[in-house]
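As a plain string of letters, each chain reads:
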Amino acid sequence: MTVIAKQRPFTITMELTHRCPLQCLYCSNPMELISKENELSLDHWISIVDQAADLSIVQANLTGGEPLAYPRLTSVVAQLKKRDIYSNLITSGIGLTEKVLEELVSCGLESIQISLQSANASTAELIAGWNAQAQKMSSLNLALRQKIPVSLNVVLHKYNIDEVGEIIDLAAELNVKRLELANTQFYGFALANRENLLPSEKQMENAVAVYDLKKKQLAAKIQMSWIIGDYLERSPKPCMGGWANQHIVVSADGTAYPCLAAGAIKTLSFPSTKEKSLQWIWEESPAFNAFRGTDWMLEPCRSCEFREKDFGGCRCQAFLLTGDAAQADPVCKLSPHHQLVEEKIKKANAPLASTKELIYRLN
Amino acid sequence: MTDGLENINIVKESVLQFTPGVRLKDDEERQCKLLLMPECIVKLNRSASEVLELVDGQRTIEMIYSELAARYEDDTLHRDLAEFIMDALSRGWIEVKSESIQT
Ligand code: SF4
Ligand code: SF4
């Protein structure tokens, strides 16, 4: 095997806890949630921050579950500050009080991302399993009054994609400066609910038209981005700069992954930060080296001119749909498995709603 | 020097500052400057770093221009700087400090 030059990672995602008061249908946490007893100690997270800084990591996303449910969150933020790592809190907003927020900001938190499920309370309730809209709105307003940049994040799917216009208007009304829309990625619970969540092509088309128009109108007021879902994208999404090239994820029990979804790949065994250093994990571990470079590729990727551009698409998707993580991403038209994706889209386009039951995560 | 900038409220006396949540970081390992911001990192090339290092909430566009002009004899500096500033503004990296126009 050729040795692949490894660049140092830029970012780390720290999944502080899997606990969360909400039960979103599109949650990307794995179906087997890590319980409170198996969460990491503060000392362990502090050591991970130190190792990350030594590995030249410059930015950290604090996430979960709901990271506010992790009792020592402020100490983790303070350590990130100490090691000059930019910290970003990704929260549902539940549990965010004025006091908590002030404490976080004074410990050095640099930005905060709050999610909404919908512009309407009733749709939000259907999606999140309970009515949290009022609490979320008050957290959002609270954060917007602080001197910290706030991004509003909305995950889109069949139930709320028709409200894209309303969501954007709401963001403008609230005076949000950054709005991030992202189609549901089908991993974890979202995968179990795929039939219910995948929007039709017609829905997408309409929503994109509204988005484009509003984006232009509000360009001076809001920065907007939209990450379109895998199944609806015409070409495979490049795996974040390539497998294990820029990013490292440490989950609530200390296991390290190259991306949030990678745990879905059951044919790889992912290393634990309880046993190995972050540096060894990044540079030496078989899981992180599994899909670096292009040597691992099969046809059609192997001889494809795009192989260095999209890296064969998403490994997790390839595994979930074909059972082999080294296959071309089935989203690609050249993939021998592409028809699997076509079938899913066809189903989503059918006029009848899916009769499959909604699966909420149990907390 | 304000070529191309007249559409938004910018004049050469405008003071530039980083948008809240955006900051520069010296990266010794990678031997470059990085721009850190919510969910994004930009690896800056030398000329971009040189401009952004002068963005401090005090200097006007004109002051930035003359500092750079003193360093280089470059006929295209005017246009390049105007273009870069417009780009950085539209990406939300920097902003014009309000009530900053010094008269
Ligand atoms: S393997 Fe897939 S989910 Fe993971 S980073 Fe790559 S593209 Fe994203
Ligand atoms: S064949 Fe592979 S490398 Fe080529 S476009 Fe498709 S996924 Fe990308």
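Heads up: the structure comes first, above all this text.
From a predicted model like this one, the values you see are computed outputs, not experimental measurements. (Residues numbered from 1 in each chain as written. Chains lettered and ligands numbered in written order. Predicted model: local features only at pLDDT ≥ 70, side-chain atom pairs only at ≥ 80, totals over all residues. Heavy atoms only, no water.)

K.L.:
Which parts of the structure should I look at to understand the packing of aromatic side chains?
P.N.:
By convention here, two paired aromatic rings are described through the distance between centres and the angle between planes. All names here are of chain A. Enumeration according to the criterion identifies 5 aromatic pairs over all chains in this entry. Measuring from ring centre to ring centre gives 5.1 Å for Trp-243 and Phe-291, while their planes differ by 85 degrees; the resulting arrangement is edge-to-face. Here Phe-291 lies in the loop between helix 11 (286-289) and helix 12 (307-310) and Trp-243 lies in the loop between strand 7 (223-227) and strand 8 (247-250), a separation of 48 residues in the sequence. In this structure, Trp-243 and Phe-291 share a single accessibility class: buried. Through pairs of rings, three or more aromatic residues link up here, namely Trp-243, Phe-291 and Trp-296. In this structure, Lys-276 packs its charged tip against the face of Trp-280, placed 4.5 Å from the ring centre. (Phe/Tyr/Trp six-rings, centres within 6.5 Å; stacked < 30°, edge-to-face > 60°. Helix = DSSP H or I, 4+ residues; strand = E, 2+ residues; numbered from the N terminus. Buried < 20%, exposed > 50% of the residue type's maximum accessible area, 1.4 Å probe, protein only. Lys NZ or Arg CZ within 6 Å of the ring centre and 35° of its normal.)

K.L.:
Where do I start with the side chain of B:Asp27 in this structure?
P.N.:
Counting through the fold element by element, B:Asp27 comes out in strand 2 (residues 23-27). Classification of B:Asp27 as buried rests on a relative accessible area of 4%. Separated by 3.2 Å, the side chain of B:Asp27 and the backbone nitrogen of B:Glu29 make a polar contact. Excluding anything up to four places from it in sequence, B:Asp27 contacts A:Val58, B:Cys32 and B:Leu34. (Polar contact = N/O pair within 3.5 Å; in protein donor to acceptor, adjacent residues only side chain to side chain. Contact = heavy atoms within 4.5 Å.)

K.L.:
Sorry, what's going on with a negative patch on the surface here?
P.N.:
Residue and element names in this part refer to chain B. Together, Glu-73, Asp-74, Asp-75, Asp-80 and Glu-83 make up a negatively charged patch on the protein surface. On the secondary structure map, Asp-74 appears in the loop between helix 2 (61-71) and helix 3 (77-90). By relative accessible area, which is 38% here, Asp-74 ends up partly exposed. (Patch = residues over 30% accessible without salt bridge, like charges linked within 9 Å, V, L, I, M, F, W, Y side chains within 5 Å. Areas by Shrake-Rupley, 256 points an atom, 1.4 Å probe, with all protein chains shown as cover. Salt bridge = Lys/Arg side-chain N within 4 Å of Asp/Glu carboxyl O. Lys, Arg positive; Asp, Glu negative; His and termini not counted. Charge placed at Lys NZ, Arg CZ, Asp CG, Glu CD.)

K.L.:
Sorry, what's going on with the pattern of salt bridges here?
P.N.:
For side chains bearing opposite charge, pairing can occur when the charged atoms are close. Residue and element names in this part refer to chain A. Across all of its chains, the model carries 17 salt bridges over all chains by this definition. Here Lys-214 and Asp-169 are joined by a salt bridge, their closest N and O atoms 2.8 Å apart. Pair noted here: Lys-214 is in helix 9 (residues 201-217) and Asp-169 is in helix 6 (residues 164-174), with a separation of 45 residues, a long-range link. Taking relative accessible area as the criterion, Asp-169 reaches 35% and is therefore assigned partly exposed.

K.L.:
What should I look at first to understand the site of ligand 2 in this one?
P.N.:
Close to ligand 2 lie A:Pro236, A:Pro300, A:Cys301, A:Cys304, A:Phe306, A:Arg307, A:Asp310, A:Gly312, A:Cys332 and A:Leu334, which account for all nearby residues. Broken down by class, the residue content of the shell around ligand 2 amounts to 7 nonpolar, 1 polar and 2 charged. (Near = heavy atom within 4 Å. Nonpolar A, V, L, I, M, F, W, Y, C, P; charged D, E, K, R; others polar.)

K.L.:
Just to check I follow, could you spell out the sheet that holds strand 3 (residues 32-37) of chain B for this structure?
P.N.:
Backbone-to-backbone hydrogen bonds pair the strands of a sheet. The strands run either parallel or antiparallel. All names here are of chain B. Here 3 strands make up an open sheet; going across it, the order is 2-3-4 and the pairing antiparallel. Every interior strand has two partners, whereas the edge strands, strand 2 and strand 4 (40-43), have only one. Neighbour-to-neighbour, the strand axes of the sheet open up by a mean angle of 30 degrees, direction not taken into account. (Pairing = 2+ DSSP bridges. Axes fitted to C-alpha atoms, helices over the stretch in contact; angles between N-to-C directions.)

K.L.:
Looking at this model, I keep getting lost on the packing of helix 6 of chain A against helix 9 of chain A. Mind explaining?
P.N.:
When two helices pack together, their arrangement is given by the angle between their axes and by how far apart the axes lie. Residue and element names in this part refer to chain A. Where helix 6 meets helix 9, the closest approach of the two axes is 9 Å, and the angle between their N-to-C directions is 25 degrees. Considered as vectors, helix 6 and helix 9 are oriented roughly parallel to each other. Touching Val-164, Gly-165, Ile-168 and Asp-169 of helix 6 are Ala-207, Val-210, Tyr-211 and Lys-214, all from helix 9. (Parallel < 35°, antiparallel > 145°, perpendicular 65-115°, else oblique.)

K.L.:
I tried to follow the pairing of strand 6 (residues 178-183) of chain A on my own but got confused; where do I start?
P.N.:
If a strand is regular, its side chains alternate between the two faces of the sheet. All names here are of chain A. Among the 6 residues of strand 6, 6 are classified as buried, and the element is accordingly described as predominantly covered. Burial along strand 6 is two-sided: the face carrying Arg-178, Glu-180 and Ala-182 and the face carrying Leu-179, Leu-181 and Asn-183 are both buried. You can see the chain leave strand 5 (residues 150-156), run along helix 6 and come back into strand 6, and the turn it takes is right-handed. Where strand 6 and strand 7 come together, 5 bridges link them in parallel fashion. Bridging from a neighbouring strand, Glu-180 pairs with Ser-225 of strand 7. (Right-handed = clockwise from strand over helix to strand, strands pointing away.)

K.L.:
I tried to follow the environment of A:Ala318 on my own but got confused; where do I start?
P.N.:
Residue and element names in this part refer to chain A. Relative to the helices and strands, Ala-318 is located in helix 13 (residues 315-322). In this structure Ala-318 comes out as buried when scored by relative accessible area, which is 0%. For the pair Ala-318 and Ser-335, spaced 17 residues apart in sequence, the C-alpha separation works out to 9.8 Å.

K.L.:
Explain unusual backbone geometry to me, please; I cannot follow it from the model alone.
P.N.:
Most peptide bonds take the trans form, and the phi angle of most residues other than glycine is negative. All names here are of chain A. Note that the residue after Gly-64, namely Gly-65, is joined by a cis bond; omega there is 15 degrees. Across the junction of Glu-299 and Pro-300, the peptide omega takes the value 5 degrees, indicating a cis bond. Mapped onto the secondary structure, Pro-300 falls in the loop between helix 11 and helix 12. At Ala-244, a residue that is not glycine, the phi angle is positive and equals roughly 50 degrees. Of note, the phi angle at Phe-311 is positive, near 55 degrees, even though the residue is not glycine. Here Phe-311 is to be found in the loop between helix 12 and helix 13.

K.L.:
Is there a simple way to think about the pairing of strand 2 (residues 59-63) of chain A in this case?
P.N.:
Residue and element names in this part refer to chain A. When you tally the buried positions in strand 2, you get 5 out of 5 residues, the bulk of the element. Residues Gln-59, Asn-61 and Thr-63 of strand 2 are buried on one face, and the alternating residues Ala-60 and Leu-62, pointing to the opposite face, are buried as well. Note that strand 1 (residues 11-15) and strand 2 share 5 bridges and pair parallel. Its bridge partner being in strand 2, Thr-13 is matched across the sheet by Asn-61. Bridge analysis of strand 2 against strand 3 (residues 86-91) gives 4 bridges, and the strand direction is parallel. From the neighbouring strand, Asn-61 faces strand 3, where its bridge partner is Asn-88. In the classification by handedness, the crossover that spans strand 2, the intervening helix 2 (residues 73-82) and the parallel strand 3 is right-handed.

K.L.:
Could you clarify how one ought to interpret the packing of helix 2 of chain B against helix 3 of chain B in this entry?
P.N.:
Residues and elements named next belong to chain B. Packing of helix 2 against helix 3 brings their axes to within 11 Å, and their N-to-C directions diverge by 135 degrees. As judged from the angle between their axes, helix 2 and helix 3 are oblique. As for how helix 2 packs across helix 3, the hand of that crossing is right-handed. Residues Ile-61, Ile-64, Tyr-65, Leu-68 and Ala-69 of helix 2 form the contact with helix 3, whose participating residues are Leu-77, His-78, Leu-81 and Ile-85. Among the residues forming the contact of helix 2 with helix 3, the class breakdown is 8 nonpolar, 1 polar and no charged. (Left-handed = near helix turned anticlockwise from the far one by under 90°.)

Everything listed is a geometric property; what it means functionally is a separate question.
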